[in-house]
Amino acid sequence: MIERRPFDELASEDLGWLTARRHFSCDARDDPSRSGWGCMRVWNDEEIAPNAGRALQVHANIEIVTYVREGTVTHTDSLGNEGRIEAGNVQVVSAGTGIRHAEYNLEQVSARIFQMWITPASCGGSPAWGLQPCPAAEHAGCFVPIASGLDSDRDALPIRARARVLNAKLTVGESIEYVFREPRLAYLVPSFGTVDVNGVRIHARDGAAIKDIDIITITAIERADLVMVDVL
């Protein structure tokens, strides 16, 4: 099954300094598939206004993966970490027993991000933070792990969850395949561009909820940048 979830039909929020579309909603009690996807609890498509952001927030027992699509986000936390997450970079906050962190857009242009929350395989552990660029041209044309709970994904930022967050960059007409280790859940969103996923047309910022499929073939109708979470 591949279910297209159109961007324009996602739950929305407008706080002035923040506009967001939510692929999952904790309030979707009448539809469990919209309250999460396996161990994935949140996938937000957010735009943060210039010189705005979130003050210190407390989180525990959650893995927070942030992929910056456009602009720059500045991170600070109670561990003393500080970093600028530029477009094309990925950040992981492993909340563990508890962490306070803030995210601001200190630039003069809006920042656009995907933020994903994933339930860890077990509770507790020391909180941790990591930041790195996503692989660029040398990895074009294939999915590359950017955050992962698999030891074999050595170049990815570690997360404490049974999941992999992957990125792929495709040129027009290019096709790639991804083989699942067993039929299970995955969720794919193009940050830009339109793609065909096993015959289902997925436009920029739409969601593709994937379930019980052994292999997907993705063909780029337009130049595309893809983010996918494979829930192990």
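Look a little higher up for the structure.
Definitions and limits used
- Residues numbered from 1 in each chain as written.
- Predicted model: local features only at pLDDT ≥ 70, side-chain atom pairs only at ≥ 80, totals over all residues.
- Heavy atoms only, no water.
- Pairing = 2+ DSSP bridges.
- Helix = DSSP H or I, 4+ residues; strand = E, 2+ residues; numbered from the N terminus.
- Axes fitted to C-alpha atoms, helices over the stretch in contact; angles between N-to-C directions.
- Buried < 20%, exposed > 50% of the residue type's maximum accessible area, 1.4 Å probe, protein only.
- Contact = heavy atoms within 4.5 Å.
- Phe/Tyr/Trp six-rings, centres within 6.5 Å; stacked < 30°, edge-to-face > 60°.
- Lys NZ or Arg CZ within 6 Å of the ring centre and 35° of its normal.

Undergrad: Provide a residue-level description of the sheet that holds strand β5 (residues 52-59), including the pertinent values.
TA: If you trace the four strands from one edge of the open sheet to the other, you get β5-β10-β7-β8, paired in antiparallel fashion. In this open sheet, the two edge strands, each paired with only one partner strand, are β5 and β8 (82-86). On average, each strand axis in the sheet is inclined to that of its neighbour by 20 degrees, with strand direction left out of account.

Undergrad: Quick one: what's the story with the sheet that holds strand β12 (residues 128-133), residue by residue and with numbers?
TA: In space, the seven strands of this open sheet follow the order β2-β3-β4-β11-β6-β9-β12, with antiparallel pairing throughout. Single-partner strands in this sheet number two, and they are β2 (11-14) and β12. Ignoring strand direction, the axes of neighbouring strands in this sheet form an average angle of 15 degrees. Where β2 meets strand β3 (residues 18-22), four bridges bridge the pair, whose relative direction is antiparallel. Residue pairing in the sheet places serine 12 in a bridge with arginine 21 of β3.

Undergrad: Describe unusual backbone geometry, with residues and values.
TA: At asparagine 198, a position not held by glycine, the phi torsion is positive, near 50 degrees. Of note, the phi angle at aspartate 212 is positive, near 55 degrees, even though the residue is not glycine. Along the chain, the position of aspartate 212 falls in strand β19 (residues 207-220).

Undergrad: Could you give me a rundown of the environment of proline 183, with the residues and numbers involved?
TA: Mapped onto the elements of the fold, proline 183 is located in strand β16 (residues 175-192). Judged by relative accessible area, proline 183 falls into the partly exposed class, the value being 43%. Once residues lying within four places of it in the same chain are set aside, the contact partners of proline 183 are Asp212, Ile213 and Asp214.

Undergrad: If you had to explain the packing of aromatic side chains to someone new, which residues and values would you point to?
TA: Any pair of aromatic rings gets described here by the distance separating the centres and the angle formed by the planes. Taken as a whole and assessed by the stated rule, the structure comprises six aromatic pairs. For the ring pair phenylalanine 143 and tyrosine 178, a centre distance of 5.6 Å and an interplane angle of 80 degrees mean the geometry is edge-to-face. One end of the pair, phenylalanine 143, is in the loop between β12 and β13 (144-148); the other, tyrosine 178, is in strand β16, with 35 residues separating them in the sequence. In textbook terms, an aromatic cluster arises when at least three aromatic residues are bridged by ring pairs, as seen for Phe24, Trp43, Tyr67, Phe114 and Tyr187. Just above the ring of tryptophan 37 sits the side chain of arginine 5; from NZ or CZ to the centre is 5.3 Å.

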